[in-house]
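This is what each chain is made of:
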Amino acid sequence: METATMANHEVTEEAKPAYEVVHAKSQLFYPEYERKSDLKHQTHYCPGCGHGVAHKLIAEALEDLNLQDQTILVSPVGCSVFAYYYFDVGNVQVAHGRAPAAATGLKRACPDKIVLAYQGDGDLAAIGTAEIVHAANRGEKIAVFFVNNAIYGMTGGQMAPTTLVGQRSTTSPWGRRPVNEGFPLHMAEMLSSLEAPVYIERVALSDNKNIMKARRAVRKALELQRNGAGFTFVEILSPCPTIWGKDPVEARKWVAEKMIPSFPLNVFRDRKVEIPESNQPPQKTVQEVVEGERQAARAAFVPGRHHQFDHLDIKIAGFGGQGVLLLGQLLAEMGMREGLEVSWLPSYGPEMRSGSAHCHVCLSKQRIGSPLLSRPNVLVAMNEISLRKFASQVAPGGTIIYGRERLPEDISFPQVQVVCIPASEIADKLGSAKVANVVMMGALLQETECLASATAMKVLEGKVKNPALLEFDRKALDAGRLYIDHTVAIGAVTQADGFAE
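Residues numbered from 1 in each chain as written. Predicted model: local features only at pLDDT ≥ 70, side-chain atom pairs only at ≥ 80, totals over all residues. Heavy atoms only, no water.

Enquirer: Tell me about the nonpolar core, and please be specific about residues and values.
Expert: If you look at the biggest cluster of nonpolar residues, it comprises 46 residues, and the most contacted ones within it are Ile-314, Ile-316, Leu-331, Val-380, Met-441 and Leu-445. Of all elements in the fold, only β10 (311-319), α11 (324-337), β12 (356-364), β13 (378-381), α13 (423-430), α14 (436-448), α15 (453-463) and α16 (467-488) reach the threshold of two or more residues within this core. Broken down by element, the residue count for this core peaks at eight residues, all from α14. Those residues within four positions of Leu-331 in sequence are excluded, and the remaining contacts are Ile-314, Ile-316, Val-361, Leu-363, Met-441, Leu-444, Leu-445 and Leu-451. In this structure, Ala-54, Phe-82, Ile-114 and Leu-205 belong to the second largest nonpolar core, which totals 39 residues. (Core = buried A, V, L, I, M, F, W, Y, C linked by side-chain atoms within 4.5 Å. Buried < 20%, exposed > 50% of the residue type's maximum accessible area, 1.4 Å probe, protein only. Helix = DSSP H or I, 4+ residues; strand = E, 2+ residues; numbered from the N terminus. Contact = heavy atoms within 4.5 Å.)

Below you can see the structure in the form of structure tokens.
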């Protein structure tokens, strides 16, 4: 934007007025917009693109409201992702379409911050439809700025959910046909049908008059969020000259002549929404949550426990329904109570429906880089399928705890120690087939000495509310431990391959 100021206050016929050109830029922008070394002379946005104007409106509003140091801007995939090169605020980049979900988490963790989501139509109205609808329906106290240029701008001009009827794109060369691709989505109207949003408006960057209206809408959305009012949404009709194949002037005319008739400018919602205080979700700051976790860890810590390992990776596998994932959760909880760093990574998907389910558990004295295990130290295999599938992954010198009385005759593992325990049969004799996984846990704890049995019982007491089932668990834990002591360690017969029978 350029403004002109008179250098000479007195204008005469003999002396023409001199003007000094002043370029104004919001203090909310970085002094320089950095690029990679090979792109120094290229801009992020094409000539005539509406993103630059939208950026300026948002920056000026944040500056006028003195919100710079309180603001977190969330930008996802698409041209909108470049926002972090410009806005000197807290910036978070997220996956395609997930800005409202990330913004929700940020606002709930930092309720004193101003949280913005800045999204394009290919992002918000396509892959992110569910995210924006449910964030709006919950009335999350975030401000969403939706740049609608009726096309996928960054990725090559494919048809977007907002592409107009008859508009051509790389994926609709004959133009959008409602009978085939459906009608354009009207996001402002859709969200205004929900109860929770407090402010929804559609504006356009087609000419100076409408840009000023857009400026007021942006400012109002931010003021409402500053005041804690609730969910605000501003849809911005914006030109995309390059992808539309038009020069900047033609592109602005196209917004006015084609987009506005299809997406009418309007204030669709402007009201205060009363949400009963009794239904408000609990709000805690990050500091409060962290301190609460520290207090819980201190209360649960088992003093005097010395672990013989620095890092132990455990894979647990079996049929779905055998308590494989629960066993992993119990071990992770035990590790936390003994002051270790822990992670638990489950297997999801259709294979859990009576198929092969597994999980990874890391126990470590140091911070854990990744919860994914490629070479576990210990494999707990509750059935033969899991044994055959995962035994080859166990690191040399590791341990396999197999939930049967003996190994299949056709396989052997010369580089690892194998312990066999008929966990299901032991659980049946105890009176509950459900506790076979706890039998395996008792065997694991006794064989590896990685965690204390006393810690296991404390975790079970906190997890199991049924007294009868808790008693079965106690017996199962003891049974697994005693089987290792009395049967494996004392009664085992060494075979030619070095393993116990």
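Enquirer: How would you sum up the sheet that holds β10? Please name residues and give values.
Expert: The strand order β11-β12-β10-β13-β14-β15 describes an open sheet built from six strands, whose pairing is mixed. Whereas interior strands pair on both sides, the edge strands pair on one side only; in this sheet they are β11 (341-346) and β15 (417-420). The sheet shows a mean angle of 15 degrees between the axes of neighbouring strands, direction not considered. Where strand β14 (residues 399-402) lies against β15, four bridges are found, and the strand directions are parallel. The residue of β15 that forms the bridge with Thr-399 is Gln-417. Together, β10, β11, β12 and β13 form the strand contacts of α11, whose direction differs from that of β12 by roughly 10 degrees. (Pairing = 2+ DSSP bridges. Axes fitted to C-alpha atoms, helices over the stretch in contact; angles between N-to-C directions.)

Enquirer: Explain the pattern of salt bridges to me, using residue names and the numbers behind them.
Expert: Tallied over the entire structure, the rule returns 21 salt bridges. Between Glu-181 and Arg-177 there is a salt bridge, and its shortest N-O distance comes to 3.1 Å. With a relative accessible area of 34%, Arg-177 lands in the partly exposed category. Arg-271 is the salt-bridge partner of Glu-195, the closest N and O atoms lying 3.6 Å from each other. Of the two residues, Glu-195 sits in the loop between α6 (187-192) and β7 (199-204) while Arg-271 sits in the loop between β9 (266-270) and α10 (286-300), which places them 76 residues apart along the sequence. (Salt bridge = Lys/Arg side-chain N within 4 Å of Asp/Glu carboxyl O.)

Enquirer: Please set out the environment of Ser-206 residue by residue, giving values where relevant.
Expert: Residue placement: Ser-206 occurs in the loop between β7 and α7 (208-226). When the C-alpha positions of Ser-206 and Leu-237 are compared, they lie 7.9 Å apart, and in sequence the two are 31 residues distant. Beyond its immediate chain neighbours, meaning those up to four positions away, Ser-206 contacts Arg-252, Val-255, Ala-256 and Ile-260. Separated by 3.3 Å, the side chains of Ser-206 and Asp-207 make a polar contact. At 3.1 Å, the side chain of Ser-206 and the side chain of Asn-210 are in polar contact. (Polar contact = N/O pair within 3.5 Å; in protein donor to acceptor, adjacent residues only side chain to side chain.)

Enquirer: Outline the environment of Cys-79, listing residues and values.
Expert: Topologically, Cys-79 is positioned in the loop between β3 (71-75) and β4 (90-93). Spatially, the C-alpha atoms of Cys-79 and Tyr-45 are 7.8 Å apart, while their sequence positions differ by 34 residues. Sequence-distant contacts of Cys-79, defined by excluding residues within four places in its chain, comprise Tyr-45, His-51, Gly-153 and Met-154.

Enquirer: Give me the packing of α13 against α14: which residues, what numbers.
Expert: In a packed pair of helices, the relevant descriptors are the angle between the two axes and the axis-to-axis distance. Two elements in contact, α13 and α14, have axes separated by 8 Å at closest approach and are oriented at 115 degrees. You can see that α13 and α14 cross each other, and the crossing is right-handed. On α14, the residues that touch Ala-423, Ser-424, Ile-426 and Ala-427 of α13 are Ala-436, Val-439 and Met-440. When grouped by side-chain class, the residues that make up the contact of α13 with α14 number six nonpolar, one polar and no charged. (Left-handed = near helix turned anticlockwise from the far one by under 90°. Nonpolar A, V, L, I, M, F, W, Y, C, P; charged D, E, K, R; others polar.)

Enquirer: Any details on unusual backbone geometry? Residues and values, ideally.
Expert: Negative phi characterises most residues that are not glycine, and trans characterises most peptide bonds. Positive phi, normally seen in glycine, also occurs at Asn-66, with a value near 55 degrees. When you line up the elements, Asn-66 lands in the loop between α1 (51-64) and β3. With relative accessibility at 65%, the residue Asn-66 sits in the exposed group.

Enquirer: A description of the environment of Val-418 should follow, citing residues and the corresponding values.
Expert: Tracing the chain through its elements places Val-418 in strand β15. Taking the C-alpha atoms as reference points, Val-418 and Val-378, 40 residues apart in sequence, are found 9.9 Å from one another.

Enquirer: Give a detailed account of the packing of α11 against α14, specifying residues and quantitative values.
Expert: Relative to each other, α11 and α14 sit at 40 degrees, their axes nearing to 10 Å. When the axes of α11 and α14 are compared, the pair comes out oblique. Crossing angle aside, the handedness with which α11 passes α14 is right-handed. Residues Leu-326, Leu-327, Leu-330, Leu-331 and Met-334 of α11 form the contact with α14, whose own contacting residues are Asn-437, Met-440, Met-441, Leu-444 and Leu-445. Tallied by class, residues from the contact of α11 with α14 come to nine nonpolar, one polar and no charged. (Parallel < 35°, antiparallel > 145°, perpendicular 65-115°, else oblique.)

Enquirer: Any chance you could break down the pairing of strand β5 (residues 114-120) for me, citing the residues and the numbers?
Expert: The buried fraction of β5 amounts to seven of the seven residues, a majority that puts the element mostly inside the structure. Burial along β5 is two-sided: Ile-114, Leu-116, Tyr-118 and Gly-120 facing one way and Val-115, Ala-117 and Gln-119 facing the other are all buried. Taken together, the four bridges between β3 and β5 define a ladder with parallel strand orientation. From the neighbouring strand, Thr-71 faces β5, where its bridge partner is Ile-114. Of the strand pairs in this sheet, β5 and strand β6 (residues 143-148) are connected by five bridges, and their pairing is parallel. Residue pairing across strands places Ala-117 opposite Val-144, the latter belonging to β6.

Enquirer: Give a description of α13 that names residues and reports values.
Expert: By the burial criterion, the buried members of α13 are Ala-423, Ile-426 and Ala-427. Buried residues of α13, seen end-on, are gathered within an arc of 100 degrees and therefore sit on one face of the element. Residues of α13 that are buried sit in contact with α14 and α16. Of the residues flanking the end of α13, it is Gly-431, one or two places downstream, whose phi is positive at about 110 degrees. (Arc of directions from axis to C-beta.)

Enquirer: Before we move on, can you summarise the side chain of His-51 with the specific residues and values?
Expert: For His-51, the location among the structural elements is in helix α1. Leave out the neighbours within four places in its chain, and His-51 touches Tyr-45, Cys-79, Ser-80, Tyr-118, Val-147 and Ser-238.

Enquirer: Just give me the short version of the state of the cysteines, but keep the residues and values in it.
Expert: Note: disulfide means a covalent bond formed between the sulfur atoms of two cysteine side chains. Within the structure shown, the criterion is met by zero disulfides. The thiol sulfur of Cys-240 is not disulfide-bonded, and the nearest other cysteine sulfur, from Cys-49, lies at 6.3 Å. The class for Cys-240 is buried, based on a relative accessible area of 10%. (Disulfide = S-S within 2.5 Å.)

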